[in-house]
Amino acid sequence: MCLAVPMKVIDLHGDNMGVAELGGTHYNVELSLIPDVKIGNYVIVHAGYAIEMLDEEEANERLEFFSHMAEAYQADSEE
Amino acid sequence: MKYIEGFRNADAGKQFAREIAIEGVKLATQNRVIRLMEVCGSHTMAISRYGIRDILPDNIELLSGPGCPVCVTDAAYIDAAIELASRGHIISTFGDMIKVPGSEQNLALARSDAADVRVCYSPLESIELAKDNPDREVVFLAIGFETTMAPLTTLIPRAVREGVDNFSLLTAFKLVPPALFALLSDPAVNVDGFICPAHVSTIIGSDAYRPIVEKHSVPCVICGFEPLDILYGIKNLANQLANDRPVLENQYSRVVKPQGNKTAQKLIETYLEPTDASWRGIGIIPQSGLVIRQGFSKFDASIKFSVSTEGGEPDINCRCGDVLRGTIRPSDCPMFGSECTPANPVGPCMVSSEGSCAAHYKYAR
């Protein structure tokens, strides 16, 4: 029920509506809950509504940490 | 699929499994078994789908909590929706709701009896539906926790703006933090730490859980719904418990802010007000629900059409209430997998794709 996925905003229309992209597919998205959104931002979309922006810096830091975890596993497995 | 795939790296997952095993050994030397509750149905589903339970040591147990809004919807709410459909109104709903048992039947059966029940992906469609059917009333089944409540509340100003009068919401909005407090004060419930929901927290903010950590010394870690997010959360909860150092951690900081989404909170505050709410299988939890404020009651279907959404009688043999509080596992219910299956559900935990019984049936049987 509370699933939401990150999508990239690619267009903004009037009336709090815009278009966001995920895996090559375009979706109409309602944007009134994130008034500061700009084209190019990643947003978290739930039932057709963007409920928050995704902080790319935080996401990239976490991804880097996870790739270190994967390297640690591979290094341990090779020993 | 940027910002999805990197959070599913298998090798990183295996490394987390090793590190969780180390925490398991620490806990074992203290003769401890810890029970962590994932509050949210989306976590329940992800934990089952990725087989996370299977890679944990025996002394780290995961329990599913009451975090599926479909599962905690009172039978009387379904009865009210069926009653409104029988009066000729159009019922617009998320797909999960149509098989939830009411006192006598569900919306799918009512639909086969000519009730006009439409399933939508986005609630915005229901406003369009109202515009396309100006001579009829459209009622949207507005259930949900904070995540869904915020988008659904935007429908009220939108309907006002667009002058749509034949549209209303049958609400069953519920709040997660009061339910967590209710669980912690229930002597039958035994929880050592919470895996806190990703998108409820997006709206309410991580600070909302601070009282749980401070008053009950129960650690809370907010996790995203990807498998590495969950494994990281479990590792940190186990580590906190092994070291007797319960704190609040936000592992989903790429989305969740300490104060949450203030635009959403302001919107909810403008249009909704707190009330006691009935949680199916659990009972009334004080101030755990929200209803539409009096000034906007023309959008409240329960007032507009005088129907009651509480006080329903679910099947007496159904153990969903115990499953939702984490006091039994789905397979401990005598009806699990026999009388009660996803194709023919008796209880709401088997209906919703994110219910703990449905997840257990699909992945763990």
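What counts and how
- Residues numbered from 1 in each chain as written.
- Chains lettered and ligands numbered in written order.
- Predicted model: local features only at pLDDT ≥ 70, side-chain atom pairs only at ≥ 80, totals over all residues.
- Heavy atoms only, no water.
- Salt bridge = Lys/Arg side-chain N within 4 Å of Asp/Glu carboxyl O.
- Helix = DSSP H or I, 4+ residues; strand = E, 2+ residues; numbered from the N terminus.
- Buried < 20%, exposed > 50% of the residue type's maximum accessible area, 1.4 Å probe, protein only.
- Pairing = 2+ DSSP bridges.
- Right-handed = clockwise from strand over helix to strand, strands pointing away.
- Contact = heavy atoms within 4.5 Å.
- Buried area = accessible area lost by both parts, 1.4 Å probe.
- Polar contact = N/O pair within 3.5 Å; in protein donor to acceptor, adjacent residues only side chain to side chain.
- Patch = residues over 30% accessible without salt bridge, like charges linked within 9 Å, V, L, I, M, F, W, Y side chains within 5 Å.
- Areas by Shrake-Rupley, 256 points an atom, 1.4 Å probe, with all protein chains shown as cover.
- Lys, Arg positive; Asp, Glu negative; His and termini not counted.
- Charge placed at Lys NZ, Arg CZ, Asp CG, Glu CD.
- pLDDT = per-residue confidence, 0-100.
- Axes fitted to C-alpha atoms, helices over the stretch in contact; angles between N-to-C directions.
- Parallel < 35°, antiparallel > 145°, perpendicular 65-115°, else oblique.
- Nonpolar A, V, L, I, M, F, W, Y, C, P; charged D, E, K, R; others polar.
- Core = buried A, V, L, I, M, F, W, Y, C linked by side-chain atoms within 4.5 Å.

Some points on the pattern of salt bridges
At step 1: Counted under the stated rule, the structure contains 27 salt bridges over all chains.
At step 2: B:E61 is paired through a salt bridge with B:R35; the nearest N and O atoms lie 3.4 Å apart. Placement of the pair is B:E61 in strand 2 (residues 60-67) and B:R35 in strand 1 (residues 34-40), with a sequence separation of 26 residues.
At step 3: Take B:R35: its relative accessible area is 18%, and that puts it in the buried class.
At step 4: Across the pair B:K131 and B:E128 runs a salt bridge whose closest N-O atoms are separated by 3.3 Å. Linking B:K131 with B:E128, this pair stays in helix 5 (residues 124-132), spanning three residues, or about one helical turn.
At step 5: Overall, the relative accessible area of 38% leaves B:K131 in the partly exposed class.
At step 6: Residues participating in the shared-partner salt-bridge network are A:D15, A:E30, B:E128, B:K131, B:R158, B:R161 and B:E162.

Things to note about the pairing of strand 1 of chain B
All names here are of chain B.
At step 1: The element strand 1 is largely enclosed, with a buried count of seven among its seven residues.
At step 2: Both strand 1 and strand 2 contribute to a ladder of six bridges, which runs parallel. Residue pairing for strand 2: I34 is matched across the bridge by I60.
At step 3: Handedness of the β-α-β unit built from strand 1, helix 2 (residues 41-49) and strand 2 comes out right-handed.
At step 4: Pairing analysis gives three bridges linking strand 1 to strand 7 (residues 193-196), with the strands arranged parallel. Bridge pairing in strand 7 links E38 to I195.

A few points about the interface of chain A and chain B
At step 1: Of the residues lining the interface, 41 residues belong to chain A; the matching set on chain B comes to 53 residues.
At step 2: For the pairing of chain A and chain B, the buried interface totals around 4200 Å² over both sides, and the portion due to carbon and sulfur atoms is 63%.
At step 3: There are five salt bridges connecting chain A and chain B.
At step 4: Summed over the shared surface of chain A and chain B, the number is 18 residue pairs in polar contact (both at pLDDT 80 or more).
At step 5: Mapped onto the side of chain A that touches chain B, the elements with two or more residues apiece are strand 2 (17-22), strand 4 (42-46), strand 5 (49-53) and helix 1 (56-78) of chain A.

Let's talk about the environment of B:G326
Residue and element names in this part refer to chain B.
At step 1: Structurally, the position occupied by G326 is in the loop between helix 14 (320-324) and helix 15 (348-351).
At step 2: Classification of G326 by relative accessible area gives buried; the value is 7%.
At step 3: Considering only alpha carbons, one finds G326 and T44, 282 residues apart in sequence, at a separation of 12 Å.
At step 4: With residues up to four places along the chain from it excluded, the contact list for G326 reads R35, M37, L63 and S64.

Quick notes on a negative patch on the surface
All names here are of chain A.
At step 1: Together, D55, E57, E61 and E64 make up a negatively charged patch on the protein surface.
At step 2: Tracing the sequence through the fold places E64 in helix 1.
At step 3: Taking relative accessible area as the criterion, E64 reaches 48% and is therefore assigned partly exposed.

A short note on the side chain of B:Q251
At step 1: Of note, B:Q251 is situated in the loop between strand 9 (248-250) and helix 12 (262-271).
At step 2: Among the residues examined, B:Q251 registers a relative accessible area of 6% and is labelled buried.
At step 3: Only 2.8 Å separates the side chain of B:Q251 from the side chain of B:E249, close enough to count as a polar contact.
At step 4: For B:Q251, the contacting residues outside a window of four places in its chain are A:R62, B:V221, B:I222, B:Y232 and B:N236.

Focus: the confidence of the model for chain A
At step 1: For chain A, the average pLDDT comes to 94, and 99% of its residues sit at 70 or higher.
At step 2: Within chain A, helix 1 of chain A has the poorest average pLDDT of any element, 93, and strand 5 of chain A the best, 97.

Some details on the packing of helix 1 of chain A against helix 1 (residues 10-29) of chain B
At step 1: As a packed pair, helix 1 of chain A and helix 1 of chain B sit with axes 7 Å apart at the nearest point and diverge in direction by 75°. One way to sum up the angle between helix 1 of chain A and helix 1 of chain B is to call them roughly perpendicular. Here A:F65, A:F66, A:M69, A:A70, A:A72, A:Y73, A:Q74, A:D76 and A:S77 of helix 1 of chain A come into contact with helix 1 of chain B, specifically with B:D11, B:A12, B:K14, B:Q15, B:F16, B:R18 and B:E19.
At step 2: Looking at the contact of helix 1 of chain A with helix 1 of chain B, its residues break down into eight nonpolar, three polar and five charged.

Some words on the nonpolar core
At step 1: Formed by 143 residues in total, the largest nonpolar core has its most connected members in B:I60, B:F167, B:L170, B:F194, B:Y209 and B:I234.
At step 2: At nine residues, helix 11 (residues 227-242) of chain B tops the list of elements feeding residues into this core.
At step 3: Core analysis: the next-biggest nonpolar cluster, separate from the first, contains 12 residues, A:M7, A:V29, A:I34 and A:V37 among them.

Considerations on the side chain of B:T153
Residue and element names in this part refer to chain B.
At step 1: Structurally, the position occupied by T153 is in helix 6 (residues 146-153).
At step 2: What makes T153 buried here is its relative accessible area of 1%.
At step 3: Among the polar contacts listed, one links the side chain of T153 to the backbone oxygen of M149, at a separation of 2.6 Å.
At step 4: Setting aside anything within four residues of it in sequence, one finds T153 in contact with L267, I268, Y271 and L272.

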